[in-house]
Each structure stands twice: as structure tokens, then as C-alpha cells.
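Reading the structure
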Amino acid sequence: MPGDFRLEVGHRDTLTALPRPRTGFSGTVLAEVLAYETGRMLKLRWRDAEPGDSAGWTITWTLEPEGRGMRLFLVHEGFDPDDPAQLMAHKIMGQGWRSAVLQGLERVLASL
């Protein structure tokens, strides 16, 4: 998603994507860098910008050495299992992490 990301704890950014009305997603995400360790971990708070939207998540990416390479872990937390809209958002975002994000990551790594 386009935005003004900076690797700085406390930095806040507004990201834009396609709205998903069925899930209550406005298409605008407010993100904040909560923590990072250079070359190892990035943790963000992520919530919909729509006033009154109670959804808010924490996303943590972690790199761990494995063999001659690295393994990337992604933890996306904070979904309310009793909220049907959040369950739908979980499903859609899970598919997005596995498809679009991984494909983009592969393109970036291939260009290095």
C-alpha cells in the first residue's frame, strides 16, 4: 500500500488500499511503528481510519536464521472472533499475505 513509511518507533503513517465494504474496511489504514530490530523484527499497529471502527491489529514480521538462509515469520493479531466483519477481514487479509505480499517480496528479493 502506498504511504510514507519510516523505520522509526512512534512514526505514524496513512496507507491506502481498495475499500472492502463487506468487512467494514474503509480503504485507509493508520499505521504506527511500535518496535523494530534492524535485520530481525518489525512490529506495527494497524487500524482502519474510519471513525468508530473498533478493529485494530498488531502485525509483527520476524526473520530467523535457518540453514544458509532466513525464515520469515508473520504474526497478525487482534481479531475479534465474535465479530463477523473481523472474521471476514481475517480471511481476506490472510489470503492477501499469502498471495500479493509474498509475490511482491519475491520480486524484491529477486532484484537484489
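This text gives an overview of the structure that appears in the document.

Here we look at the environment of E77
Among the structural elements, E77 can be located in strand β5 (residues 69-77). Setting aside chain neighbours within four positions, we find E77 in contact with G56, W57 and T58.

Quick word on the packing of aromatic side chains
All chains considered together, the criterion is met by 4 aromatic pairs. Ring geometry for W46 and W57: centres 6.3 Å apart, planes at 55 degrees, overall tilted. Placement of W46 in strand β3 (residues 41-48) and of W57 in strand β4 (residues 56-66) is noted, with a sequence separation of 11 residues between them. Each member of the pair, W46 together with W57, is buried. With centroids separated by 5.8 Å and ring planes inclined at 85 degrees, the aromatic side chains of W61 and W97 adopt a geometry described as edge-to-face. Of this pair, W61 sits in strand β4 while W97 sits in helix α1 (residues 84-110), placing them 36 residues apart in sequence.

What about the pattern of salt bridges?
Summed over all chains, the structure comprises 6 salt bridges. The salt bridge partner of R6 is D4, with a shortest N-O separation of 4.0 Å. The exposure class of D4 is partly exposed, given its relative accessible area of 46%.

Some remarks on the nonpolar core
In terms of nonpolar packing, the biggest core is built from 11 residues, these being L15, F25, V29, A31, W46, W57, I59, F79, A89, M93 and W97. Secondary-structure elements contributing two or more residues to this core are β2 (28-37), β4 and α1. No other element matches α1, which puts 3 residues into this core.

A few points about the pairing of β2
Taken together, the 5 bridges between strand β1 (residues 12-16) and β2 define a ladder with antiparallel strand orientation. Of the residues in β2, the one forming a bridge with L15 is V29. Bridge count for β2 against β3 is 8 bridges, and the pairing is antiparallel. From the neighbouring strand, A35 faces β3, where its bridge partner is K43. Hairpin connection, β2 to β3: the antiparallel pair is bridged by 3 residues, and G39 has positive phi, about 75 degrees.

Quick look at the sheet that holds β4
One open sheet holds the 5 strands; their spatial order is β1-β2-β3-β4-β5, and the pairing between them is antiparallel. The sheet is open, and its two borders are formed by β1 and β5, each paired with just one other strand. On average, adjacent strands in this sheet sit at an angle of 25 degrees to one another, irrespective of strand direction. As paired elements, β3 and β4 share 7 bridges and run antiparallel to each other. Bridging from a neighbouring strand, L42 pairs with W61 of β4.

Conventions adopted
Residues numbered from 1 in each chain as written. Predicted model: local features only at pLDDT ≥ 70, side-chain atom pairs only at ≥ 80, totals over all residues. Heavy atoms only, no water. Helix = DSSP H or I, 4+ residues; strand = E, 2+ residues; numbered from the N terminus. Contact = heavy atoms within 4.5 Å. Phe/Tyr/Trp six-rings, centres within 6.5 Å; stacked < 30°, edge-to-face > 60°. Buried < 20%, exposed > 50% of the residue type's maximum accessible area, 1.4 Å probe, protein only. Salt bridge = Lys/Arg side-chain N within 4 Å of Asp/Glu carboxyl O. Core = buried A, V, L, I, M, F, W, Y, C linked by side-chain atoms within 4.5 Å. Pairing = 2+ DSSP bridges. Axes fitted to C-alpha atoms, helices over the stretch in contact; angles between N-to-C directions.

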